[in-house]
Amino acid sequence: MIQKLIEKIKKTHAPVVVGLDPALSYVPEHLLKKSFGEYGETLEGAADAIWQFNKGIIDSTYDLIPAVKPQIAMYEQFGLRGLEVFQKTVDYCHEKGLVVIGDVKRGDIGSTSAAYATGHLGRVTVGNSQFSTFNEDFITVNPYLGTDGIRPFIDVCKEENKGLFILVKTSNPSSGEFQDRLCDGRPVYEYVGEKVAEWGAMHMGESYSYIGAVVGATYPEAGRVMRKIMPKAFILVPGYGAQGGKGADLVHYFNEDGLGAIVNSSRGIIAAHQQEQYARFGEEHYAEASRQAVLDMIQDIDQALQAVV
């Protein structure tokens, strides 16, 4: 799957992932009105509105990008109906040829991690049959429990040719409370990065590992350091756009081959119609606003990378 991701990045010239993290506050009034008219102001109505919203954005952007990253919490809040929409979103993105990174941030030990891995990446056995459930291509994983929490995921990834993005240095303001703590004079996130490189050697593709890392755009110096520590790991970079990251911050997340990183923007794209610079599109054309936001993001990153060539 890492080869598919690389090939799609090369084809689209867009190291970009759209974060499908919908909130009802992002959904235009005409979609809410339609869904609530059919299902009422219920969990079913909310879930349908989210689905229609997602579908519009996917239809308007799938030809520009290699991957999407749905954040499962935004669906779980609507209960089973929301999880059904998460599944529909994953399946629809696959129909459109997109790589799907499930932002689920799972992590436990032993059989629990194995069950998480089976549910999101593998196949569950029922009697004499096997079934794929959520069936993402990659998922995000929390490494706080160490190798016991990561190895079950790697085992399933090997079976299914799928991958992980392991949290290393996250983009949120308080990430440093633990991640920046010094241990023998070095921040903890550097040790985590070294483990990612070690785990990555267990599941290599042609030039990059199936085991990548999450390093936020809001900490570009950390990106520079982690690129050296994890030369074979793809870096998923959150924090672009709404959280303050910009193309110029990202150049050191990439390797000299122009690969090695994929940059996420969530509300900066899916809620673009609510931003002043895209207000001209209006709510009715929210998906076109999202498409323009993707095009602008691709240009911003490309210009930044070209400036250092």
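Anyway, here's the lowdown on the structure attached to this text. (Residues numbered from 1 in each chain as written. Predicted model: local features only at pLDDT ≥ 70, side-chain atom pairs only at ≥ 80, totals over all residues. Heavy atoms only, no water.)

1. What to know about a nonpolar patch on the surface
Note the cut-off: Surface patches are drawn from residues lacking salt bridges whose relative accessible area is over 30%; two like charges belong together within 9 Å, two nonpolar side chains (Val, Leu, Ile, Met, Phe, Trp, Tyr) within 5 Å. Surface accessibility in these figures is a Shrake-Rupley result with a 1.4 Å probe; residues are shielded only by whichever protein chains are displayed. Any Lys or Arg side-chain nitrogen located within 4 Å of an Asp or Glu carboxyl oxygen qualifies as a salt bridge. Put simply, DSSP marks the helices as runs of H or I at least four residues long and the strands as runs of E at least two long, and each gets a number from the N terminus on. Working definition: with a 1.4 Å probe on protein chains only, accessible area under 20% of the residue-type maximum means buried, over 50% means exposed, and in between means partly exposed.
Residues Ile109, Tyr144 and Leu145 make up a contiguous nonpolar surface patch of about 360 Å² in total accessible area. The residue Leu145 is located in the loop between strand 6 (138-141) and helix 7 (147-160) in this model. Leu145 sits in the partly exposed class, given a relative accessible area of 41%.

2. Topic: the sheet that holds strand 3 (residues 99-106)
Quick reminder of the rule: Two strands make a pair as long as DSSP finds a minimum of two bridges between them. For this analysis, residues touch if any pair of their heavy atoms sits within 4.5 Å. Whenever a helix is involved, its axis is fitted only over the stretch in contact; in every case the axis is a line through C-alpha atoms, and angles between N-to-C directions fall within 0 to 180 degrees.
Strand order in the closed barrel formed by eight strands is 1-2-3-6-7-10-11-12, and the pairing between neighbours is parallel. Of the strand pairs in this sheet, strand 3 and strand 6 are connected by three bridges, and their pairing is parallel. In the strand pairing of strand 6, Arg106 is matched with Val141. Packing of helix 9 (residues 188-200) onto the sheet brings it into contact with strand 7 (163-169) and strand 10 (211-215), and relative to strand 7 it is tilted by some 165°.

3. Topic: the packing of helix 3 (residues 43-61) against helix 12 (residues 286-307)
Rule in force here: Oblique is the label for any angle not under 35 degrees, not over 145, and not in the 65 to 115 range, which are roughly parallel, roughly antiparallel and roughly perpendicular in turn. Helix crossings get a hand from a simple test, with the near helix turned counterclockwise from the far one by less than a right angle marking a left-handed crossing and a clockwise turn marking a right-handed one. Nonpolar residues are Ala, Val, Leu, Ile, Met, Phe, Trp, Tyr, Cys and Pro. Charged residues are Asp, Glu, Lys and Arg, and all others, Gly as well, are polar.
Two numbers describe how helix 3 lies on helix 12: the axes approach to 8 Å, and their chain directions differ by 45°. Relative to helix 12, the element helix 3 is oriented oblique. In terms of crossing hand, the pair formed by helix 3 and helix 12 is right-handed. Contacts between helix 3 and helix 12 pair Gln52, Phe53, Gly56, Ile57, Ser60 and Thr61 from the former with Tyr286, Ala287, Glu288, Ser290, Arg291 and Val294 from the latter. Counted by class, the contact of helix 3 with helix 12 contains five nonpolar, five polar and two charged residues.

4. Observations regarding the nonpolar core
Where we set the bar: Throughout, nonpolar core names a set of buried Ala, Val, Leu, Ile, Met, Phe, Trp, Tyr and Cys residues whose side chains join them through atoms within 4.5 Å.
Of all hydrophobic cores here, the largest spans 99 residues; its most connected members are Leu5, Leu20, Leu164, Phe234, Leu250 and Ile301. Among the elements that make up this core, the one with the highest residue count is helix 12 (ten residues). Once residues within four sequence positions are removed from consideration, Leu250 is found in contact with Ala217, Val237, Tyr240, Val263 and Ile301.

5. Considering the packing of aromatic side chains
Selection criterion: The criterion for an aromatic pair is that two Phe, Tyr or Trp rings (for Trp, the six-membered ring) have centres within 6.5 Å, with stacked assigned to planes under 30 degrees apart, edge-to-face to planes over 60 apart and tilted to the rest.
All chains considered together, the criterion is met by six aromatic pairs. Their ring planes at 80° and their centres at 5.5 Å tell us that Phe86 and Phe134 sit as a pair that is edge-to-face. Here Phe134 lies in the loop between strand 5 (129-132) and strand 6 and Phe86 lies in helix 5 (residues 79-95), a separation of 48 residues in the sequence. When the ring of Phe138 is compared with that of Phe165, the centres are 5.2 Å apart and the planes differ by 35°; the resulting orientation is tilted.

6. Some words on the pairing of strand 12 (residues 261-265)
The buried count for strand 12 comes to five of five residues, which makes it a mostly enclosed element. Sheet analysis places strand 1 (residues 16-18) next to strand 12, joined by three bridges and oriented parallel. When the bridges of strand 12 are listed, Val17 appears paired with Asn264. Sheet topology note: the strand 11 (residues 235-237)/strand 12 ladder contains three bridges and is parallel.

7. Some remarks on the environment of Met230
Note that Met230 resides in the loop between helix 10 (220-229) and strand 11. Spatially, the C-alpha atom of Met230 lies 9.7 Å from that of Gly260, the residues being 30 residues apart in sequence. For Met230, the residues in contact, after removing those within four places along its chain, are Gly193, Val196, Ala197, Ala213, Val215 and Ile235.

8. Some thoughts on the packing of helix 6 (residues 110-120) against helix 7
Axis separation between helix 6 and helix 7 bottoms out at 8 Å; the angle between their running directions is 35°. As helix 6 packs across helix 7, the resulting crossing turns out to be right-handed. In this structure, helix 6 contributes Gly110, Ser113, Ala114, Tyr116, Ala117 and Thr118 to the contact, and helix 7 contributes Asp148, Gly149, Pro152, Phe153 and Val156.

9. A word on the state of the cysteines
Spelled out, the test is: Two cysteine sulfurs form a disulfide in these notes if their separation is within 2.5 Å.
With the rule as written, the count across this model stands at zero disulfides. Cys93 takes part in no disulfide bond, and the closest cysteine sulfur, belonging to Cys157, lies 19 Å away.

10. Thoughts on the pattern of salt bridges
Summed over all chains, the structure comprises 14 salt bridges. Here Lys55 ties to Asp59 by a salt bridge, and the two come within 3.1 Å at their closest N and O atoms. Of the two residues, Lys55 and Asp59 both sit in helix 3, four residues apart, roughly one turn of that helix. For Lys55, a relative accessible area of 28% puts it in the partly exposed group. Exposure remark for Asp59: the relative accessible area of 31% places this residue in the partly exposed category.

11. Some details on helix 2 (residues 29-39)
To keep it simple, the criterion reads: To be clear, the arc concerns the directions from the helix axis to the C-beta atoms.
Within helix 2, burial applies to Leu31, Leu32 and Ser35. Taken down its axis, helix 2 places every buried residue within 95° of arc, on the same side. In helix 2, the exposed positions angled more than 90 degrees off the buried face are occupied by Glu29, Lys33, Lys34 and Gly37. Those residues of helix 2 that are buried are in contact with helix 3 and helix 12.

12. Regarding helix 9
Quick reminder of the rule: Expected helix span is given by 1.5 Å per residue-to-residue step, counting one fewer step than there are residues.
If you check helix 9, its first and last C-alpha atoms are 18 Å apart, about what 13 residues at 1.5 Å a residue would give, namely 18 Å. Of all the positions in helix 9, only Tyr189, Glu190, Val192, Gly193, Val196, Trp199 and Gly200 are classed as buried. Elements in contact with the buried residues of helix 9: helix 7, strand 7, helix 8 (176-179), strand 9 (186-187), strand 10 and helix 10.

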